[in-house]
Amino acid sequence: MSDPTMGSMVTPPAEQPTVPATTVAPDAGTPRRKEKPRGLLGDAWYDLRRKPLFWISTAFILLFVLMAAFPSLFTSVDPSHGELSRSRVEPSANGWFGYDVQGRDVYARVIHGAEASIVVAVLATIGTVLLGGTIGMLAGYRGGWVDAILSRVADVFFGIPFVLGAIVILFALNPPGSTRDKYSIMGIVVASLVILTWPVSMRIMRSAVLSTKEADYIVAARAMGAGPGRIILKHLLPNCLAPVLVYSTILIGSFIGAEATLSFLGVGLKSPVVSWGIMINEAQQFIRVSPFLLLFPAGFLVVAVLSFVMLGETVREALDPKLR
Amino acid sequence: MGRYVLRRLLQLIPVFFGTTFLIYYLVWAVPGDPFAGKCGDRRCPDSYIQFMTEKYHLDDPIWMQYGTYMKNLLQGDFGQNFSGRDISDILITAYPNTLKLALVALAIEALIGLTAGVLTGLRRNGFLDNLVLVSTLFLIALPTFVTGFVLQYLFGVQWKIINPTVSNSPTFAELLVPGFVLGSISMAYIARLARTSIAENRRADYVRTAIAKGLPQRRVVGVHLLRNSLIPVVTYLGTDLGALMGGAIITEGIFGINGIGRTVYRSIVTKEGAVVVSIVVVLVLVYLLMNLLVDLLYAALDPRIRYE
Amino acid sequence: MRVSKRAGAVAMTAAAALVVAACGGGDSGEKSGGDTANGAITIDGTQPEVGLVPANTTETGGGKIIDFMWTGLVQYPNDGGAPQNAVAESIETTDSKVYTIKIKKGTKFHDGTEVKAKNFVDAWNWGAYSPNGAQNGSFFSDIEGFADVHTEDPDGEGPKKAPQPKVDKMSGLKVVDDYTFTVTLSAPFSIFPVKLGYSTFMPLPDAFFKTTPEEFGKKPIGNGPVKFVSWQDNVEIKLARFDDYTLADKVKIKDVTVKLYQDDTAAYNDLLSNNLDFQQQIPVSALAGDKWKSDLGERGLNVPIPVSQIIAFPLYDKRFQNADLRKAISLAVNRQEIADKIFFGSRKPANTWSNPLTAGGKEGDCTVCTFDPEQAKQLLAKAGGFKGELVFYYNADASHKEWMEAVAQSVKNTLGINARAEGIPTFAVFRQMINAGQMKGPYRAGWQQDYPDVENWIGPLYVTGGSSNDGKYSNPQVDAAYKAGTQAADADAAHAKFAEATKIIDQDVPSMPMVTVNQQSGTSERVKNVQTTNVGEIDLSSVELK
């Protein structure tokens, strides 16, 4: 999408070969004159520093990371200790977020739930984007039979229903009664999510590459002798990253939900381990009488997803030369 | 072009066999004896298990089971499920409903998502932009069952605008609310995707050229901008139809839609490979054809993409 | 025991289906109401898993339709009392071994043929003959000659196959004349007549034997108050009044549509908007906080049904072979609190090894069903404590997570054992692990009585080799008392012996009764007088339109 040439109907502008190595759009020229040329990353960083949205979302994400790493900083209550006598007690000074149906402290559970939710969702998203993105880049750039084979392999994987694939993979690696610790279960869950969802990001990346690779600046770079590695990394990647990044930030939210589905099926994380998704699922039946059980984990989830989307958005804008 | 399409259609064949075998294998690999749980908390008589195992050839090696299934399938016989029902009957009743639901969802998400995306892309960081961002993200973060339950309860039970569950062969109108629920997650994504794409392309030279030529805003946006920004959106919509059809389990349940979602899930759990494969095969074909269509659309949307 | 396939529960499984508000269109005309004799109602159900053949149906979806469509030799009254003759004119015995059964003349199948003695005998022989693979085949095992028609795989699960049975008819069944047959049991069994109302013992018309069970199961012909009209998979089953029905429980309404749901919340919302006239079990989401009471008011029904949730110990696991430990765990569970907080009072804490509704059962005969933290701790100390993790297992495809977690939590809080609950993904895997003796901790084992006698709560569950004695509990004293009971001259003597057996079981604690079930049902504004049967299904003969 988008490049210095025109779309379909306008005659080619004369300036087309003038943007060889850098992809900076012409209107970014003015401020750059005063400073030493920075690299792409340097530019991005310069840009990012001045965006409040960047700092706000980073602050939230740091907060969640802190929660995940050191839950004891936020609460000293055992999230798995429950007493039925306080089942579904509404939020109060004692339990800020109230107590769930088993009488467990919702605040402590939300804090402790950050770890599983964030780790699984972020790792799975990174994995999906890396795997799908790489394959998509390769398929789109090379085209021909490489594209055909990779695309068809993606098709096969896409055809597997999520529940089916997840049950089989997780059941084989994490059977009931197994004594794996929670980190290795998390690793398996991440792996299965990646295996079952990469085709979508592959398709997205491939489509972006397809529409970019014939752009004049790529042709120019190739004409100037740039190797495939350089073209991909320097030119294609920054210009194709946008849709995949957008997809991935939203993917984080759906992975948190997917992780909960797996736990509910009995193949994901197991009971003393808590995650936001598990909490949301458990709250499902009480939506009419105790909506706060749903509200708190879902609220944290919204904020977390929002932060990741915002961060992704600002970073992408900073990296994307055309938006400067 | 014709040769390209032909080649792609030929490529469907290995994908077809690859997918069906993989799924057949996976269902086979789901642990558990399919008949062990049929008699409640009582052990099933051996005679029953033996009878069923023989009837469905479950003691044959996996490749032989698959071969038998494929041989019948290619002759147009989908076989029977463990209840003795013809799988083709299940497909004929369930698929149209699921397809309708997915199409409604797709239309809703494309319409709302694109509108929101274009509006916000043109006015980035304004109030509207933030409003759309927060509301779409809210929809993502809320699990489907919550959106579905709340809408069903409000529209169906409180205000009585719709029937809580749809009729036997639901009309498109009946599927509006379920379609919205199903499409709500993708809607957010499409809005974001369109916004990004529009925002980027708005700075592109051809747009400036178009504006400089004095074209009216409407034409610039409608013809030049939108058309060039559609590629990622179209890709996503294409892949999404299959995902919507296969991922409607919860929505179908809430609104009582007789679709494939539940059948697939139950058949996985009860290890009915023939049913799962039969249903999924159709899904995969839809997905593959949509992909092909999308790839062809690229060429139509963006003349720089050519298929020899 | 029928297993409910409505997972109700599993978050995602919540699924699909079905539909049909065909009623939306078709019924609207009939909703003007009042005219019971031409009236139509819609009730909820689930898609039967197999064709509707009585001896081959073990799940509630199909079982319900079969109960509507067939009438057996005896019937169980709605209040759970002693069975009464229905098709049977008389059932007589002198020694509890040979029973002479006379049936009423002139009762008809829905195809117009008369119900005769041979229809029972042929049906039972078909169900017992192992190559037919009927799910309920083992119900006939009391009858003489069963072993000749029903062979087992000699090595359990394995490469060898069960040999072909020598004959296809049980020697214990003899047709005397059109309306009389005799049943000879392999050993005296006083409870036998009570069993005869269970759906496995229903008669089959001659038409059944002229077609295949698959074909018959799609268009079943019964002898009950309603007949089969049509069945649309996953959508609805239509039934209609059988006008030639001569027994007492005639139905007053004309048409019954069983709408097949897969999500009980969807059914409930249909009930609230009067698209559904009866929902057998109101979903948990409406039970929470007693919402259903404010939603339905007088239209809600709350009746006990003979179902208990039990947690069984895998006695083949060394760690659970100490009776004191098992007792300690059982005493550490606060059943009252679980019934109140997790089940919102829709379940009652169990205090008996059978069920309060069961003939011959005694409330309070489970002394380990109380909550006694002090004694529990002492017993645990006496047993030498418990090392490692105590995991309670349940099947994750139905709604057991909450209460199983609560049980684990109660044990953990009381005894300080590291206890938790874990879901096994599917019921099939769960059952397979139980059958194979692979359970590594106490596991859920629900029980719905098949026929109203305390024998049904002992024989299958706690007698050596019992059909559902999966924990491999075995105590010769229990076996002896049980055997004496089954051979007793009359019901009272039998029940006394069963009580003896129960006393020993109560000391051994092979399992832990947890809660007994009440069923919450709802009706629409269109119907009145709705009652439920002894197992909680709607009693169609009671329904009238307002």
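Residues numbered from 1 in each chain as written. Chains lettered and ligands numbered in written order. Predicted model: local features only at pLDDT ≥ 70, side-chain atom pairs only at ≥ 80, totals over all residues.

**Considerations on the overall build of chain C**
Right, on to step 1. Within chain C, the secondary structure is distributed over 18 helices and 19 strands.
Right, on to step 2. The C-alpha atoms of chain C give a radius of gyration of 24 Å, which matches the 24 Å a tight globule of 546 residues would have.
Right, on to step 3. Taken across its 546 residues, chain C has 60% of its residues classed as buried.
Right, on to step 4. Look at the contacts in chain C between residues 6 or more apart in sequence, and 69% of them connect residues 24 or more apart. (Helix = DSSP H or I, 4+ residues; strand = E, 2+ residues; numbered from the N terminus. Rg over C-alpha atoms; globule rule 2.2 N^0.38 Å. Buried ≥ 20, exposed ≤ 12 C-beta atoms within 10 Å, placed from the backbone. Contact = placed C-beta atoms within 7 Å.)

**Concerning the confidence of the model for chain C**
All names here are of chain C.
Right, on to step 1. Counting all residues, the mean pLDDT for chain C is 87, and 92% of those residues have values of 70 or more.
Right, on to step 2. Here residues 3–33 is modelled with pLDDT under 50, and outside its nearest four sequence neighbours on either side it reaches 112 contacts, counting other chains as well.
Right, on to step 3. Reported for the predicted complex are a pTM of 0.83 and an ipTM of 0.77. (pLDDT = per-residue confidence, 0-100.)

**Quick look at the sheet that holds strand β6 (residues 173–177) of chain C**
Residues and elements named next belong to chain C.
Right, on to step 1. Taken together, the four strands give an open sheet; going across it, the order is β4-β5-β7-β6, and neighbouring strands pair in antiparallel fashion. The outermost strands of the open sheet, each flanked by one partner alone, are β4 (88–93) and β6. The sheet shows a mean angle of 20° between the axes of neighbouring strands, taken without regard to direction.
Right, on to step 2. Examined bridge by bridge, strand β5 (residues 98–103) and strand β7 (residues 180–184) share five bridges and lie antiparallel to one another. Within the sheet, the bridge partner assigned to I101 lies in β7 and is F181. (Pairing = 2+ DSSP bridges. Axes fitted to C-alpha atoms, helices over the stretch in contact; angles between N-to-C directions.)

**Side note on the packing of helix α8 (residues 205–212) of chain B against helix α9 (residues 217–246) of chain B**
All names here are of chain B.
Right, on to step 1. Packing of α8 against α9 leaves a shortest axis separation of 10 Å and a crossing angle of 155°. One finds that α8 runs roughly antiparallel with respect to α9. The handedness of the crossing between α8 and α9 comes out as right-handed. Contacts between α8 and α9 involve Y206, V207, A210 and I211 from the first element and V220, H224 and L225 from the second.
Right, on to step 2. For the contact of α8 with α9, the per-class residue count stands at six nonpolar, one polar and no charged. (Parallel < 35°, antiparallel > 145°, perpendicular 65-115°, else oblique. Left-handed = near helix turned anticlockwise from the far one by under 90°. Nonpolar A, V, L, I, M, F, W, Y, C, P; charged D, E, K, R; others polar.)

**Observations regarding the interface of chain C and chain B**
Right, on to step 1. Each partner contributes to the interface: chain C provides 62 residues, whereas chain B provides 53 residues.
Right, on to step 2. Listed by contribution, the elements that provide at least two residues to the side of chain C that touches chain B are α1 (22–26), α7 (213–218), α8 (264–272), α15 (427–435) and β16 (443–448) of chain C.
Right, on to step 3. The element contributing the most residues to the side of chain C that touches chain B is α15 of chain C, with seven residues.
Right, on to step 4. Taken together, the residues of the side of chain C that touches chain B sort by class into 28 nonpolar, 23 polar and eleven charged.

**What about the nonpolar core?**
Right, on to step 1. Counting 344 residues, the largest nonpolar core has I167 of chain A together with V407 of chain C as the members making the most contacts within it.
Right, on to step 2. Residues within four places of I167 of chain A in sequence aside, it is in contact with L265 and V267 of chain A, V30 and I268 of chain B together with P425 of chain C. (Core = buried A, V, L, I, M, F, W, Y, C linked by C-beta atoms within 7 Å.)

**Some points on unusual backbone geometry**
All names here are of chain C.
Right, on to step 1. Phi at S96 takes a positive value of approximately 60°, unusual for a residue other than glycine.
Right, on to step 2. Checked against the element boundaries, S96 lands in the loop between β4 and β5.
Right, on to step 3. Judged by local crowding, S96 falls into the buried class, with 20 C-beta atoms found within 10 Å.
Right, on to step 4. You will see that D290, though not glycine, has its phi angle at about 55°, which is positive.
Right, on to step 5. With respect to the element layout, D290 can be found in the loop between α9 (284–287) and α10 (291–296).

**Here's the deal with the environment of E144 of chain C**
Residue and element names in this part refer to chain C.
Right, on to step 1. Within the secondary structure, E144 sits in the loop between α3 (117–128) and α4 (146–149).
Right, on to step 2. For E144, a count of 17 C-beta atoms within 10 Å puts it in the partly exposed group.
Right, on to step 3. As for E144 and V235, which are separated by 91 residues in sequence, their C-alpha atoms are 42 Å apart.
Right, on to step 4. When residues no more than four places from it in sequence are discounted, the contact partners of E144 are M170, S171, G172, T184, L185 and S186.

**Quick notes on the domain arrangement of chain B**
Residue and element names in this part refer to chain B.
Right, on to step 1. Here chain B is partitioned into domain 1 (18–74) and domain 2 (99–301).
Right, on to step 2. The gap between the C-alpha centroids of domain 1 and domain 2 is 36 Å.
Right, on to step 3. Tallying contributions element by element places helix α1 (residues 2–29) first for the side of domain 1 that touches domain 2, with six residues.
Right, on to step 4. In terms of residue class, the side of domain 1 that touches domain 2 is made up of seven nonpolar, three polar and no charged. (Domains from an automatic or database assignment.)

**Here's the deal with the packing of helix α4 (residues 87–122) of chain B against helix α11 (residues 260–269) of chain B**
All names here are of chain B.
Right, on to step 1. Viewed as axis vectors pointing N to C, α4 and α11 meet at an angle of 130°, and their least axial separation amounts to 8 Å. On the basis of the axis angle, α4 is oblique to α11. Contact residues: α4 offers I90, A94, Y95 and T98, while α11 offers I260, G261 and T263.
Right, on to step 2. A class-by-class count of the residues in the contact of α4 with α11 yields four nonpolar, three polar and no charged.

**Considering the domain arrangement of chain C**
Residues and elements named next belong to chain C.
Right, on to step 1. Per the domain assignment, the segments making up chain C are domain 1 (36–256 + 524–545) and domain 2 (304–518).
Right, on to step 2. Put simply, the middle of domain 1 and the middle of domain 2, counted by C-alpha atoms, are 30 Å apart.
Right, on to step 3. With 17 residues of domain 1 in contact, the opposing surface of domain 2 contributes 16 residues.
Right, on to step 4. Of the residues assigned to the side of domain 1 that touches domain 2, the class counts are nine nonpolar, seven polar and one charged.

**Section: the interface of chain C and chain A**
Right, on to step 1. On the chain A side, the residues contacting the 26 residues of chain C number 26 residues.
Right, on to step 2. Elements that contribute at least two residues to the side of chain C that touches chain A include exactly α9, α12 (335–342), α14 (401–415) and β15 (418–424) of chain C.
Right, on to step 3. Taken together, the residues of the side of chain C that touches chain A sort by class into twelve nonpolar, six polar and eight charged.

**What to know about the UniProt feature "transmembrane region" (unreviewed entry) in chain B**
Residue and element names in this part refer to chain B.
Right, on to step 1. Residues given the UniProt feature "transmembrane region" (unreviewed entry) here are residues 12–30, 101–119, 131–155, 175–194 and 275–301.
Right, on to step 2. Annotated as residues 101–119, this span is 100% helix and 0% strand, and its ends, taken at the C-alpha atoms, are 27 Å apart.
Right, on to step 3. Helix makes up 95% of residues 175–194 and strand 0%, and the two end C-alpha atoms of the span are 25 Å apart. (UniProt positions renumbered as here; feature names shortened; annotations may be inferred.)

**What about the pairing of strand β12 (residues 300–312) of chain C?**
Residue and element names in this part refer to chain C.
Right, on to step 1. Across ten bridges, β12 lies against strand β17 (residues 511–523) in antiparallel orientation. Each residue of the ladder has a partner; that of A312, found in β17, is S511.
Right, on to step 2. Relative to β16, β12 is paired through six bridges, and the arrangement is antiparallel. Bridging across to β16, I311 finds its partner in R444.

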